[in-house]
Amino acid sequence: MGGAPELVWDVKAELGEGPVWVARDRALWFVDIKGRRLHRYGHDDGSQASWEAPDQIGFALPAEDGTLICGVRGGLHRFDAATGVFSLIRPVETDRPGNRLNDGFVAPDGSLWFGSMDDAEEARSGALYRWTGGEPERMDDGYGVTNGPALSPDGRTMYHHDTLEKTIHAYDHADGRIAARRLFALTGDGYPDGPCVDADGVLHVGLFGGWGVDRFDPEGRPLGKIDLPVPAVTKVAFAGDDLKTMYFTSAWMGMDAAQRAKAPAAGGLFRMSVDRPGLPQALIRL
């Protein structure tokens, strides 16, 4: 690995999530789900910008037309940074009003994958969806807290978590279909949060309550942990021209005043250099 993680934006996100490198913007985008905010951090100049979302926002991922497609509670929205406007383009789960959208991922074919979950984190009403512009297709169901998905470099394995069960699942993946859901790995400390895969196929999993990121090889064997100075690390993303800069989002949700005093950077955005690159970020085809 490279150097130690450094705090680059003390944004104090209640539930920071979904970091994504958007090369055309030279920026790292991420969200604060509970704070209902969308954030952009300039990779080159450290610039900071934020926008208020219409509701809880689980992800913001880049589309080919220059906008971001965002998973806001109740549906998919298009966000135009030039105007700062969120526009509803597709309602989602109108039959599950207690749910909200959580994590998301863009596959190399341009399809958007995303999960839903019970906002109260009690019912197993969460599902995994694939969207290609029409009605979102429900690919799997019965999740407590969905996180992911992420895809192996060869595209043959998809990873998706049920955070409530502390389990990392794997599926066979081909041509936009998934099958053979199975247990891939269990995290040591904390609950498995957002996943990200590097060019070697190593799965990086944020640890909510685990003070870092767990790493697993393609066979599910643990490769060690990246330690951070905050208890809830939610997801990582690889950024930069060589994809050798790793960003980490974090959260202070669920911490009392004493706990926050011991981890004052909770909710911040962190960065570190790494030796091995990540995978290029795909764009959503509209």
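Look a little higher up for the structure.
Residues numbered from 1 in each chain as written. Predicted model: local features only at pLDDT ≥ 70, side-chain atom pairs only at ≥ 80, totals over all residues. Heavy atoms only, no water.

Looking now at the overall build of the chain. Of regular secondary structure, the chain possesses 1 helix and 24 strands. What you see for the chain is a C-alpha radius of gyration of 17 Å, in line with the 19 Å of a compact globule of 286 residues. Its C-alpha atoms put the chain at 45 × 45 × 40 Å along the principal axes. Counting the 286 residues in the chain, one finds 57% classified as buried. Within the chain, contacts between residues separated by at least 24 positions form 48% of all contacts whose residues are at least 6 apart in sequence. For the chain, the exposed surface amounts to about 11,200 Å²; the carbon and sulfur share of it is 47%. Of the charged side chains in the chain, 30 are positive and 42 negative, and the gap between their average positions amounts to 0 Å. (Helix = DSSP H or I, 4+ residues; strand = E, 2+ residues; numbered from the N terminus. Rg over C-alpha atoms; globule rule 2.2 N^0.38 Å. Buried < 20%, exposed > 50% of the residue type's maximum accessible area, 1.4 Å probe, protein only. Contact = heavy atoms within 4.5 Å. Areas by Shrake-Rupley, 256 points an atom, 1.4 Å probe, with all protein chains shown as cover. Lys, Arg positive; Asp, Glu negative; His and termini not counted. Charge placed at Lys NZ, Arg CZ, Asp CG, Glu CD.)

For the rest of this paragraph, the subject is the pattern of salt bridges. Taken as a whole and judged by the stated rule, the model has 27 salt bridges. Lysine 225 serves as the salt-bridge partner of aspartate 227, at 3.8 Å between the closest nitrogen and oxygen. Take aspartate 227: its relative accessible area is 53%, and that puts it in the exposed class. Since its relative accessible area comes to 31%, lysine 225 is described here as partly exposed. (Salt bridge = Lys/Arg side-chain N within 4 Å of Asp/Glu carboxyl O.)

So, on to the side chain of histidine 160. Mapped onto the secondary structure, histidine 160 falls in strand S15 (residues 157–162). A distance of 3.2 Å separates polar atoms of two side chains, one belonging to histidine 160 and the other to tyrosine 143. For histidine 160, the residues in contact, after removing those within four places along its chain, are Leu128, Tyr143, Thr146, Asn147, Gly148, Pro149, Ile168, His169 and Tyr171. (Polar contact = N/O pair within 3.5 Å; in protein donor to acceptor, adjacent residues only side chain to side chain.)

Here we come to the nonpolar core. Trp29, Leu38, Leu76, Leu112 and Phe114 are the most contacted members of the largest nonpolar core, which has 34 residues in total. Where this core is concerned, the elements lending two or more residues are strand S2 (16–22), strand S3 (27–32), strand S6 (57–62), strand S7 (68–72), strand S8 (75–80), strand S10 (99–106), strand S11 (112–118) and strand S12 (126–131). Dropping the residues within four chain positions of it, phenylalanine 114 is found in contact with Phe59, Leu76, Val92, Leu101, Asp103, Gly104, Ala127, Leu128, Tyr129, Trp131 and Pro136. Formed by 30 residues, the second largest nonpolar core is a distinct cluster that contains Trp9, Leu28, Tyr41 and Leu228. (Core = buried A, V, L, I, M, F, W, Y, C linked by side-chain atoms within 4.5 Å.)

Another aspect to go through is unusual backbone geometry. For the bond from glycine 148 to proline 149, the omega torsion is 5°, close enough to zero to count as cis. Positive phi, normally seen in glycine, also occurs at lysine 166, with a value near 55°.

Pairing is antiparallel across the open sheet formed by 4 strands, whose spatial order is S6-S7-S8-S9. The outermost strands of the open sheet, each flanked by one partner alone, are S6 and strand S9 (85–91). Between one strand axis and the next, the sheet turns by 25° as a mean value, whatever way the strands run. Pairing of S7 with S8, which is carried by 5 bridges, proceeds in the antiparallel orientation. Residue isoleucine 69 lies in a different strand from S8, and its bridge partner there is arginine 78. (Pairing = 2+ DSSP bridges. Axes fitted to C-alpha atoms, helices over the stretch in contact; angles between N-to-C directions.)

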